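# Coordinate analysis (summary)
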Amino acid sequence: MSKTQLAAAAIRWYDENARDLPWREPGVGAWPILVSEVMLQQTPVVRVLPAWRAWLTRWPVPAALAADTPAEAIRMWGRLGYPRRALRLHECASALVERHDGAVPADLEQLLALPGVGSYTARAVAAFAYGQRYPVVDTNVRRLVARAVAGEPDAGPATRPADLVATEALLPAHPGTAARASAAFMELGALICTARSPRCVDCPLATRCAWRASGRTAPPGPTRRPQRYAGTDRQVRGKLLAVLRETTGPVPRDRLDLVWADDLQRSRALAGLIEDGLVEMVGDTCVLAGDHAVD
DNA sequence: AACTCGTGGGC
DNA sequence: TGCCCAAGAGT
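These numbers come from a predicted model, not from an experiment.

### Quick word on the environment of Pro 157
Structurally, Pro 157 is set in the loop between α9 (139-148) and α10 (161-168). Looking at Pro 157, the relative accessible area reads 80%, which means it is exposed. For the pair Pro 157 and Ile 33, spaced 124 residues apart in sequence, the C-alpha separation works out to 27 Å.

### Overview of the state of the cysteines
The final tally for this structure, using the stated rule, is 0 disulfides. Free cysteine Cys 193: the closest other cysteine sulfur is in Cys 203, separated by 6.3 Å. With no disulfide of its own, Cys 209 has Cys 200 as its nearest cysteine by sulfur position, at a separation of 6.3 Å.

### A word on the protein's contact with DNA strand C
Neighbouring DNA strand C are 26 residues; Leu 40, Gly 116, Thr 121, Asp 138 and Asn 140 lie closest to it. Backbone atoms, meaning sugar and phosphate, form 67% of the atoms of DNA strand C found within 4 Å of the protein. At 2.9 Å from a phosphate oxygen of DNA strand C is found a side-chain nitrogen or oxygen belonging to Gln 42. Taking Tyr 120, its main chain carries an N or O atom lying 3.2 Å from a phosphate oxygen of DNA strand C. The set of elements that each furnish at least two residues to the surface near DNA strand C consists of α8 (119-128), α9 and α11 (175-191). Sorting elements by how many residues they give to the surface near DNA strand C places α8 first, with 3 residues. Tallied by class, the residues present in the surface near DNA strand C amount to 10 nonpolar, 8 polar and 8 charged.

### Considerations on the packing of helix α13 (residues 233-245) against helix α15 (residues 263-275)
At their nearest, the axes of α13 and α15 sit 9 Å apart, and the two run at 70° to each other. As judged from the angle between their axes, α13 and α15 are roughly perpendicular. Residue-level contacts link Asp 233, Val 236, Arg 237, Leu 240 and Leu 241 of α13 to Gln 265, Arg 266, Arg 268, Ala 269, Leu 270, Gly 272 and Leu 273 of α15. A class-by-class count of the residues in the contact of α13 with α15 yields 6 nonpolar, 2 polar and 4 charged.

### Things to note about the domain arrangement of chain A
According to the domain assignment, chain A consists of domain 1 (4-213) and domain 2 (233-288). Placing a centre on the C-alpha atoms of domain 1 and another on those of domain 2 gives a separation of 32 Å. Across the contact, 9 residues belong to domain 1 and 13 residues belong to domain 2. Across the interface of domain 1 and domain 2, roughly 900 Å² is buried in total on both sides, 59% from carbon and sulfur atoms. If you sort the residues of domain 1 by the area they bury against domain 2, Ile 74, Arg 75 and Arg 84 come out on top, with a joint share of 52%.

### Remarks on the pattern of salt bridges
By the definition in use, this model includes 16 salt bridges. A salt bridge links Arg 75 to Glu 72, with the nearest nitrogen and oxygen atoms 2.8 Å apart. Separated by 3 residues within a single helix, Arg 75 and Glu 72 lie in helix α5 (residues 70-77), roughly one turn from each other.

Criteria and thresholds
Residues numbered from 1 in each chain as written. Chains lettered and ligands numbered in written order. Predicted model: local features only at pLDDT ≥ 70, side-chain atom pairs only at ≥ 80, totals over all residues. Heavy atoms only, no water. Helix = DSSP H or I, 4+ residues; strand = E, 2+ residues; numbered from the N terminus. Buried < 20%, exposed > 50% of the residue type's maximum accessible area, 1.4 Å probe, protein only. Disulfide = S-S within 2.5 Å. Near = heavy atom within 4 Å. Polar contact = N/O pair within 3.5 Å; in protein donor to acceptor, adjacent residues only side chain to side chain. Nonpolar A, V, L, I, M, F, W, Y, C, P; charged D, E, K, R; others polar. Axes fitted to C-alpha atoms, helices over the stretch in contact; angles between N-to-C directions. Parallel < 35°, antiparallel > 145°, perpendicular 65-115°, else oblique. Contact = heavy atoms within 4.5 Å. Domains from an automatic or database assignment. Buried area = accessible area lost by both parts, 1.4 Å probe. Salt bridge = Lys/Arg side-chain N within 4 Å of Asp/Glu carboxyl O.

As structure tokens, then:
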């Protein structure tokens, strides 16, 4: 049994079971696909769907976004989370105009050089928008490969070069088919080979899965937990930015005092937002980046 | 390498 | 309820 049989089985399943997502429709351009990939970084599909439509209706091409202010990008981002992504996408649009005549490049190195575009997103665009043969490794694929190939209950905590190598080995030779296999692996990881309760009975790879063959060994002991969200700077940043998002123009600092009682933490969170370029001080007031009409 | 960075829904 | 997690990137 060759490894490409895994891909073949995944593609057959994908053809019958893939979700009907708008950025997968034939003829969708590289820019809409890039926007979807950035929005999908750590944000569930159901919340991305309406935001993606609204975003592309307003900014159908990179030049349109680049011509608008970062503040508007941050507002349109809404509550998708991690608003730095909105800022990076705006920077990315500017870079596309400056370096690539307003188009999304097909070259992997050029994609990787774009703001907010990392190893996953660059390969996703190269594969899904341009049909090139690159391993597209997200958390779903890492988990699926760890289980089906390595026989481990889960992938390691961080993406490694080895993940790219292991996934590349599964890809069919034909570029377009390889891209389809990547989409299929991702979809299998999202719908079947899930983190919490994998549905092996519905999995087209079950008969070839090393983890299942080993009796689905449990993951090793307690993994160290990240800090809880409640009470963190991230929560405070979120509250501060929510006020700025829903306000056009300057917000007095004492208006922001209302969202969090702890002066020190609130100041630290605001300083972080400024440091990230999401917020600017204008005199004694705060505005979203670029949201100050100078005239 | 480990840590930061939002948000909301499922169980 | 509290906890986990969802198509990562940047430092």
